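Below are the chains, spelled out letter by letter.
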Amino acid sequence: MANRVRVAITAPDPITREGVISQLRRHPEVELSKTSGPTTVALLIEDTLDEAALSRLRRAVRSEGSRAVLVAGAIREHELLDVVECGVGAIVWRHEATAQRLVRAVLTAAKGGGDLPSDLLAQLIGQVRRLQKDGTDESGVLVNFTKREMDVVRLVADGFDNAEIAVKLSYSERTVKNVMYGLTTRLHLRNRAHVVAYALREGFI
């Protein structure tokens, strides 16, 4: 299939890795790969999010250029922003990691989308708002959003995909994609989740 998504799997042990491979092998939408790269989704299974795990996430996204999907057993509150800053586009809880759930996350990440469990999304929004309120973001860099950008990002934060946003705002889907691409490029952000986090932290939405 011409539109298959290449997936490279990193797991803490061979049994876990083989289990994920056996789940994904049955789905024609994905193609298993041994190496990561710009055209690949890196699927990382991590038991704990220590500094070594975060380094693997950063390397997959920044050095190898992959989109990243993280499968985790738990993410502590103080780790969540670190994960988003690493460039992870989708997060799946281990206890919810069925084949269908993994494929959905992979396909979403491949398109540059964001896919977070609802409890994590609420936690991320709360954490960013607290950072904003407490004034702990010391970057000092404030980039204005246009009205169009704010409209798009608000709908992304509400969980709508590009096609749904295009309908709601009477734009073409291409325009929505261009808005998000422009934001990620101009602000040096990694993905849609990172754009939402930035917009919340800076008080745009």
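For the structure given in this document, a descriptive report is provided here. Remember, it's a predicted structure, so these values are computed and weren't measured experimentally.

This part covers the sheet that holds strand E4 (residues 67-72). Read across the open sheet, the 5 strands follow the order E2-E1-E3-E4-E5; overall the sheet is parallel. Edge positions in the sheet fall to strand E2 (30-33) and strand E5 (88-93), since each has one partner strand and no second. Direction aside, the axes of adjacent strands within the sheet are offset by 30° on average. As judged from the 5 bridges shared by E4 and E5, these two strands associate in the parallel manner. Looking at E5, one finds that Leu70 is bridged to Ile91. On top of the sheet, helix H2 (residues 51-63) reaches strand E1 (5-10), strand E3 (40-46), E4 and E5; it is set at about 175° to E3, its chief contact. Sheet contacts for helix H4 (residues 99-110): E1, E2, E3, E4 and E5; angle to E4, the most-contacted strand, approximately 150°.

Space inside the largest pocket adds up to approximately 940 Å³. Lining of the largest pocket is provided by 32 residues; of these, Thr108, Gly112, Gly113, Gly114 and Arg192 occupy positions nearest its centre. Those elements that place two or more of their residues in the lining of the largest pocket are H4, helix H5 (118-134), helix H6 (147-157), helix H7 (162-169), helix H8 (173-186) and helix H9 (192-201). The element best represented in the lining of the largest pocket is H8, accounting for 6 residues. Its residues assigned to classes, the lining of the largest pocket comprises 13 nonpolar, 9 polar and 10 charged. In this structure, the second largest pocket spans a volume of roughly 200 Å³. Around the second largest pocket sit 14 residues that line it, and Val61, Gly65, Ser66, Arg67 and Arg190 are the ones nearest its centre.

The geometry of an aromatic ring pair comes down to the distance between the two centres and the angle between the two planes. Inspection of the entire model under this criterion finds 0 aromatic pairs. When the ring centre of Tyr171 is taken as reference, the NZ or CZ atom of Arg148 above it lies at 4.8 Å.

With that out of the way, let us pick up the nonpolar core. Counting residues in each nonpolar core, the largest one holds 25 residues, and the members touching the most others are Leu49, Leu57, Leu70, Ile75, Val83, Val88 and Ile91. When contributions to this core are tallied by element, the ones reaching two or more residues are E3, H2, E4, helix H3 (77-86), E5, H5 and H9. If near-sequence neighbours (up to four positions away) are discounted, Leu70 is found in contact with Leu44, Glu46, Leu49, Leu57, Ile75, Val83, Val88, Ala90, Ile91 and Val92. One finds Val153, Ala166, Leu183 and Val195 within the second-largest nonpolar core, a separate group that totals 21 residues.

All of the buried residues in helix H1 (residues 14-24) are Thr16, Val20, Ile21 and Leu24. One face of H1 carries all of its buried residues, which in axial projection span an arc of 135°. With respect to the buried face of H1, the exposed residues turned more than 90 degrees away are Pro14 and Ile15. By the N-cap criterion, in which a side-chain oxygen at the helix start approaches the backbone nitrogen of a residue two or three places on, H1 is capped by Asp13, the distance to Ile15 being 3.2 Å.

Turning next to the pattern of salt bridges. Scanning the entire structure with this criterion turns up 8 salt bridges. Across the pair Asp47 and Arg94 runs a salt bridge whose closest N-O atoms are separated by 2.5 Å. Of the two residues, Asp47 is situated in the loop between E3 and H2 and Arg94 in the loop between E5 and H4; the sequence distance between them amounts to 47 residues. The exposure class assigned to Asp47 is partly exposed, which follows from its relative accessible area of 44%. Arg154 is the partner of Asp151 in a salt bridge, and the nearest nitrogen-oxygen pair spans 3.6 Å. With a gap of 3 residues between them, Asp151 and Arg154 both fall in helix H6, about one helical turn apart. According to the relative accessible area criterion, Asp151 is buried, its value standing at 17%. Connected through shared salt-bridge partners, Arg101, Arg104 and Asp115 make up one network.

Rules and cut-offs
- Residues numbered from 1 in each chain as written.
- Predicted model: local features only at pLDDT ≥ 70, side-chain atom pairs only at ≥ 80, totals over all residues.
- Heavy atoms only, no water.
- Pairing = 2+ DSSP bridges.
- Helix = DSSP H or I, 4+ residues; strand = E, 2+ residues; numbered from the N terminus.
- Axes fitted to C-alpha atoms, helices over the stretch in contact; angles between N-to-C directions.
- Contact = heavy atoms within 4.5 Å.
- 1 Å grid on protein atoms, 1.4 Å probe; cavity = no way out; pocket = protein on both sides within 12 Å on 5 of 7 lines; lining within 4 Å.
- Points joined across faces, edges and corners; volume = space filled by probe spheres on them.
- Nonpolar A, V, L, I, M, F, W, Y, C, P; charged D, E, K, R; others polar.
- Phe/Tyr/Trp six-rings, centres within 6.5 Å; stacked < 30°, edge-to-face > 60°.
- Lys NZ or Arg CZ within 6 Å of the ring centre and 35° of its normal.
- Core = buried A, V, L, I, M, F, W, Y, C linked by side-chain atoms within 4.5 Å.
- Buried < 20%, exposed > 50% of the residue type's maximum accessible area, 1.4 Å probe, protein only.
- Arc of directions from axis to C-beta.
- Polar contact = N/O pair within 3.5 Å; in protein donor to acceptor, adjacent residues only side chain to side chain.
- Salt bridge = Lys/Arg side-chain N within 4 Å of Asp/Glu carboxyl O.

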